Amino acid sequence: MTDTTPKKLHIKTYGCQMNVYDSDRMAGLLAPLGYALTDVVDDADMVLLNTCHIREKAAEKVYSELGRINKMKQARQADGGAMILGVAGCVAQAEGEEVLKRAPYVDMVFGPQTYHRLPEMVARLHREKGAQLDTDFPEESKFDHLTAPGRVEGRAAFLTVQEGCDKFCTFCVVPYTRGAEFSRPVDQVLAEARQLVAQGAVEITLLGQNVNAYHGTDADGAELGLGGLIRRLAEIDGIARLRYTTSYPAEVDDALIAAHRDVPELMPYLHLPVQSGSDRVLKAMNRRHGRDFYIDLVARLRAARPDLGLSSDFIVGFPGETDADFQDTLSLVREVGYVQAYSFKYSPRPGTPAAAMELQVPEDVKDARLKELQDLLNTQQLAFNQACVGRTLPVLLDRPGRHAGQLLGRSPYMQAVHVDAPADWLGRVADLKIVSAGGNSLGAVLADASEQPAARRSA
Ligand code: 5AD
Ligand code: SF4
């Protein structure tokens, strides 16, 4: 449910000039969530008291003011409305939990160090009430899209199993624009998978903004995580390959790792975004994992599936990223080793916490870091592709190639592979011998017909 009515915000500011400045920042942070300032307290959908501790009995004054506002809140609720009541500033900092004990009707208590989390706190409150915020956040097709469910392209299909995100990375609009995490029931997913197979799919990619947060219920009421769902899907006749994207590292559980070990249909390729190799930056991004956790997770995944190829997303130039932080990202890339990856310059999304952070990184520094990172990633990708030469890989031939007699397909590692092959091989998973490699594609010959002329060199 999206609440589309414009919302009103009243901020009562106590104390010094610093608090006046902070109140302006809070209003700025809440504007993209649809809140406009009002002077009239009892007309407000949200009231924030930005408090000051400097005067004697400051806390007592705040409690008595809260009591007065609570009467307005109760009156609004009696009329079927709502009012969010928040306490910010130094009293909130000093009293902390005590505020919620003495004034349990208060919805949010936050000190000066956590203002930037205000959009997250408000979005969470709305979710608890079962409502989704109507925001001004720009929908970013690049960062915020999922492929339409149930689309079969060639023999590879996409199936949405999960939507939304509860993680609130400080650079990202998705938790605001897509709302809370939601998982489709297991039987619905299985039925759609069977339908896709009937339409010709042999490979299914499970989609979700946070796909490994999947928690679906089956017809018997049992809860399944993504690992369990993958096992059920692998039992369906006709599914030769399974993939999933995009995963959140802190939510990869043992059952999912075990699925990589036990389910041959699950391709040995995983897009596992880390964003940065610096613990300091990861913290500022509000990622709930550090560098060592990620590296250890990769080791556990590789122990389960030694031939696993990894991909990732990276952001360079996040606010406050120093050269040392960036070096940490490069060293993580060297340590993990990626078969391919996406990298972006940080770009402020108006209304997200990071956009309001100080120490934005100059554009020319971002450009230089992006180039250095991409050079390293490209080198790793090319080296991986070249290491495939001489290997035989199962390739899903799903499209005609550019030249007559040529077919195009995908290796287990998502590499594009072209091969001269009979047209009626379209749709097969064929064992191909890789004979050439470029940065973006591989050339192959049919493994059981190695007498054939070598395939054209790849790009
Ligand atoms: N600036 C740069 N990159 C971003 N991403 C998301 N938001 C931003 C932003 N504000 C990237 C992240 C994410 C991918 C889909 O897009 O790396 O994983
Ligand atoms: Fe955005 Fe992904 Fe972070 Fe969710 S986990 S907030 S979708 S970057």
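Rules of the game
Residues numbered from 1 in each chain as written. Chains lettered and ligands numbered in written order. Predicted model: local features only at pLDDT ≥ 70, side-chain atom pairs only at ≥ 80, totals over all residues. Heavy atoms only, no water. Helix = DSSP H or I, 4+ residues; strand = E, 2+ residues; numbered from the N terminus. Buried < 20%, exposed > 50% of the residue type's maximum accessible area, 1.4 Å probe, protein only. Contact = heavy atoms within 4.5 Å. Near = heavy atom within 4 Å. Nonpolar A, V, L, I, M, F, W, Y, C, P; charged D, E, K, R; others polar. Pairing = 2+ DSSP bridges. Axes fitted to C-alpha atoms, helices over the stretch in contact; angles between N-to-C directions. 1 Å grid on protein atoms, 1.4 Å probe; cavity = no way out; pocket = protein on both sides within 12 Å on 5 of 7 lines; lining within 4 Å. Points joined across faces, edges and corners; volume = space filled by probe spheres on them. Domains from an automatic or database assignment. Right-handed = clockwise from strand over helix to strand, strands pointing away. Parallel < 35°, antiparallel > 145°, perpendicular 65-115°, else oblique. Buried area = accessible area lost by both parts, 1.4 Å probe. Salt bridge = Lys/Arg side-chain N within 4 Å of Asp/Glu carboxyl O. Polar contact = N/O pair within 3.5 Å; in protein donor to acceptor, adjacent residues only side chain to side chain.

1. Overview of the overall build of the protein
And then number 1: In terms of helices and strands, the protein carries 13 helices and 23 strands.
And then number 2: Along the longest, intermediate and shortest principal axes, the C-alpha atoms of the protein span 90 × 50 × 35 Å.
And then number 3: Out of the 459 residues in the protein, the part that is buried amounts to 53%.
And then number 4: Excluding contacts between residues fewer than 6 apart, the proportion of contacts in the protein whose partners are at least 24 apart in sequence is 71%.

2. Notes on the site of ligand 2
And then number 1: Within the structure, ligand 2 sits among Cys165, Lys167, Phe168, Cys169, Phe171, Cys172, Val174, Pro175, Asn210, Tyr248 and Arg287.
And then number 2: Each residue belonging to the shell around ligand 2 can be placed in one class, and the counts come to eight nonpolar, one polar and two charged.

3. Thoughts on the sheet that holds strand S21 (residues 416-420)
And then number 1: An order of S19-S20-S21-S23-S22 is seen for the five strands of this closed barrel, with the pairing classed as mixed. Across the sheet, the mean angle from the axis of one strand to that of its neighbour is 55°, orientation sign disregarded.
And then number 2: Note that strand S20 (residues 406-410) and S21 share five bridges and pair antiparallel. Paired with Gly409 across the strands is Val417, a residue of S21.

4. What to know about the sheet that holds strand S16 (residues 269-271)
The strands that make up a sheet are held in pairs by hydrogen bonds between backbone atoms, and each pair lies either parallel or antiparallel.
And then number 1: The sheet built from three strands is open, its strands ordered S16-S17-S18 with parallel pairing. In the strand order of this sheet, the two ends are held by S16 and strand S18 (340-345), each with one partner. The average undirected angle you get between the axes of adjacent strands in this sheet is 10°.
And then number 2: Bridging between strand S17 (residues 309-316) and S18 involves six bridges; their strand directions are parallel. Pairing of Asp313 across the sheet is with Tyr342, part of S18.
And then number 3: Helix H13 (residues 363-387) rests against S17 and S18 of the sheet, and its axis sits at about 175° to S18.

5. Some thoughts on the layout of surface pockets
The gaps left among the atoms become clear once a water-sized probe is rolled over them.
And then number 1: Of the volumes computed, that of the second largest pocket is approximately 480 Å³.
And then number 2: Lining the second largest pocket are 17 residues, and of these His116, Ala284, Pro319, Met357 and Glu358 lie nearest its centre.
And then number 3: Every element with two or more residues in the lining of the second largest pocket is listed here: helix H1 (17-30) and helix H10 (279-284).
And then number 4: Considered class by class, the residues forming the lining of the second largest pocket number eight nonpolar, four polar and five charged.
And then number 5: Shared between two domains, the lining of the second largest pocket holds at least three residues of each, these being domain 1 (7-134) and domain 2 (142-385).

6. Quick look at the pairing of S17
And then number 1: For S17, the tally of buried residues reaches eight of eight residues, placing the bulk of the element in the interior.
And then number 2: Taking every second residue as pointing to the same face, both faces of S17 are buried, with Gly309, Ser311, Asp313 and Ile315 on one and Leu310, Ser312, Phe314 and Val316 on the other.
And then number 3: Across three bridges, S16 lies against S17 in parallel orientation. Residue pairing across strands places Tyr269 opposite Gly309, the latter belonging to S17.
And then number 4: In terms of handedness, the path from S17 via helix H12 (residues 323-336) over to S18 forms a crossover that is right-handed.

7. Some points on the packing of H12 against H13
And then number 1: Close contact between H12 and H13 brings their axes to 10 Å; oriented N to C, the two are set at 10°. Considering the angle they form, H12 stands roughly parallel to H13. Contact residues: Asp323, Phe326, Thr329, Leu330, Val333 and Arg334 in H12; Arg369, Glu372, Leu373, Leu376, Leu377 and Gln380 in H13.
And then number 2: Grouping the constituent residues of the contact of H12 with H13 by class yields six nonpolar, two polar and four charged.

8. Concerning the domain arrangement of the protein
And then number 1: According to the domain assignment, the protein consists of domain 1 (7-134), domain 2 (142-385) and domain 3 (392-451).
And then number 2: The distance between the C-alpha centroids of domain 1 and domain 2 comes to 35 Å.
And then number 3: Facing the 13 residues of domain 1 at the interface are 17 residues of domain 2.
And then number 4: Summed over both partners, the interface of domain 1 with domain 2 comes to about 1100 Å²; 55% of that surface belongs to carbon and sulfur atoms.
And then number 5: Our count for the contact surface shared by domain 1 and domain 2 stands at one salt bridge.
And then number 6: Measuring nitrogen to oxygen at the nearest pair gives 2.4 Å for the salt bridge that ties Asp166 to Arg127.
And then number 7: At the surface where domain 1 touches domain 2, the tally comes to seven residue pairs in polar contact (both at pLDDT 80 or more).
And then number 8: Considering every element that reaches the side of domain 1 that touches domain 2, the biggest residue donor is helix H5 (residues 118-128), with five residues.

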